[in-house]
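# What the coordinates show
These are the residues of each chain, in order.
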Amino acid sequence: MSVIAAHKIRSAFAALFFMLALPVLAQQPVNFDREPLVIQTASGKQLKFMVEIADTNAQRERGLMYRKQMAGDAGMIFDFGVSRRVQMWMENTVLPLDMLFIDSAGTIRNIKQNAVPYSRDIIDSMTEVSYVVELNAGTSAKLGIKIGDRVMSATITKRK
């Protein structure tokens, strides 16, 4: 076998390895701390959740990707560290989600209900926010969560 043929075979095997290995590696667990989170609605209800915290680049990139289920009182808070316009998507996300876009004071500024699993469509905060909370799809409608409601958690409190 010529050196060129051997090189082509090694290159083909390397390409095949990465095609098969990268999706598996991408699904490896990322560890998240958890904290209680409360949403105070305008009607006075206090809605309690236990959320995972995504406050590093690796955690924010992973988010809830590949999850097949989530408890009704669970979710994830994305802490962006600064107030800015945020764009998200649902690629590799199995669960349909509601996304609450929250400013630095903890006020909900926008809500995306029923984000479509696996979609690459951009979901835009439409304004500067510091946090996004993801909950199971339908939660915001079922519990009456609206723009202007207040969100309280240790993550939000630490930067006030």
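Please refer to the structure placed before this passage.
Anyway, here's the lowdown on the structure attached to this text. (Residues numbered from 1 in each chain as written. Predicted model: local features only at pLDDT ≥ 70, side-chain atom pairs only at ≥ 80, totals over all residues. Heavy atoms only, no water.)

### Considerations on the overall build of the protein
Worth spelling out the cut-off: Segments assigned H or I by DSSP are reported as helices when at least four residues long, segments assigned E as strands when at least two residues long, and all are numbered from the N terminus. Only protein chains enter the accessibility calculation, which uses a 1.4 Å probe; a residue whose area is less than 20% of its type maximum is buried, one above 50% is exposed, and one in between is partly exposed. For this analysis, residues touch if any pair of their heavy atoms sits within 4.5 Å.
A count of helices and strands for the protein gives four helices and seven strands. Going residue by residue from the N terminus, the α and β elements of the protein occur as α-β-β-α-β-β-β-β-α-β-α. Counting only residues that meet the buried cut, the protein has 41% of its 160 residues in that class. Long-range pairs, those at least 24 residues apart, make up 71% of the contacts in the protein between residues at least 6 apart in sequence.

### Some thoughts on the nonpolar core
To be explicit about the condition: Within this scheme, the nonpolar core is defined by two criteria: the residues are buried Ala, Val, Leu, Ile, Met, Phe, Trp, Tyr or Cys, and they are joined through side-chain atoms within 4.5 Å.
If you look at the biggest cluster of nonpolar residues, it comprises 19 residues, and the most contacted ones within it are Phe78, Met88, Met99, Phe101 and Val132. Elements with a contribution of two residues or more to this core: strand E3 (74–88), strand E4 (97–102) and strand E6 (123–136). The element best represented in this core is E3, accounting for six residues. Of all hydrophobic cores here, the second largest spans 17 residues; its members include Ile39, Ile111, Tyr131 and Leu135.

### What about the sheet that holds strand E7 (residues 150–153)?
Applicable threshold: The rule for pairing is simple: two strands pair if DSSP sees at least two bridges between them. Interaxial angle, 0 to 180 degrees, is taken between N-to-C directions of lines fitted to C-alpha atoms, where a helix line uses only the stretch in contact.
An order of E5-E4-E6-E3-E2-E1-E7 is seen for the seven strands of this open sheet, with the pairing classed as mixed. The strands lining the two open edges of the sheet, one partner per strand, are strand E5 (108–115) and E7. Here the strands of the sheet are splayed against their neighbours by 35° on average, with no regard to which way each runs.

### Quick word on the side chain of Gln59
The condition that has to hold: Whenever a nitrogen or oxygen atom comes within 3.5 Å of another N or O atom, the pair is scored as a polar contact, on the condition that within protein one atom can donate a hydrogen and the other can accept it, and that pairs from neighbouring residues in sequence are kept only if both atoms are in side chains.
Mapped onto the secondary structure, Gln59 falls in helix H2 (residues 57–62). Within polar-contact distance, the side chain of Gln59 engages the backbone nitrogen of Asp55 at 3.0 Å. Ignoring anything within four residues of it in the chain, the contact list for Gln59 reads Val30, Asn31, Phe32, Ile53 and Ala54.

### Details of the pattern of salt bridges
A pair can form between side chains of opposite charge whenever their charged atoms are brought close. Here is the rule we go by: Salt bridges, as used here, are contacts in which a Lys or Arg side-chain nitrogen is within 4 Å of a carboxyl oxygen on Asp or Glu.
Tallied over the full model, the rule gives four salt bridges. Note that Arg85 and Asp124 form a salt bridge whose closest N and O atoms lie 2.8 Å from each other. Of this pair, Arg85 sits in strand E3 while Asp124 sits in strand E6, and the two are 39 residues apart along the sequence. Across the pair Asp103 and Arg109 runs a salt bridge whose closest N-O atoms are separated by 2.7 Å. Given the relative accessible area of 11%, Asp103 is considered buried. Take Arg109: its relative accessible area is 41%, and that puts it in the partly exposed class.

As far as function goes, none of this settles anything; it's purely spatial.
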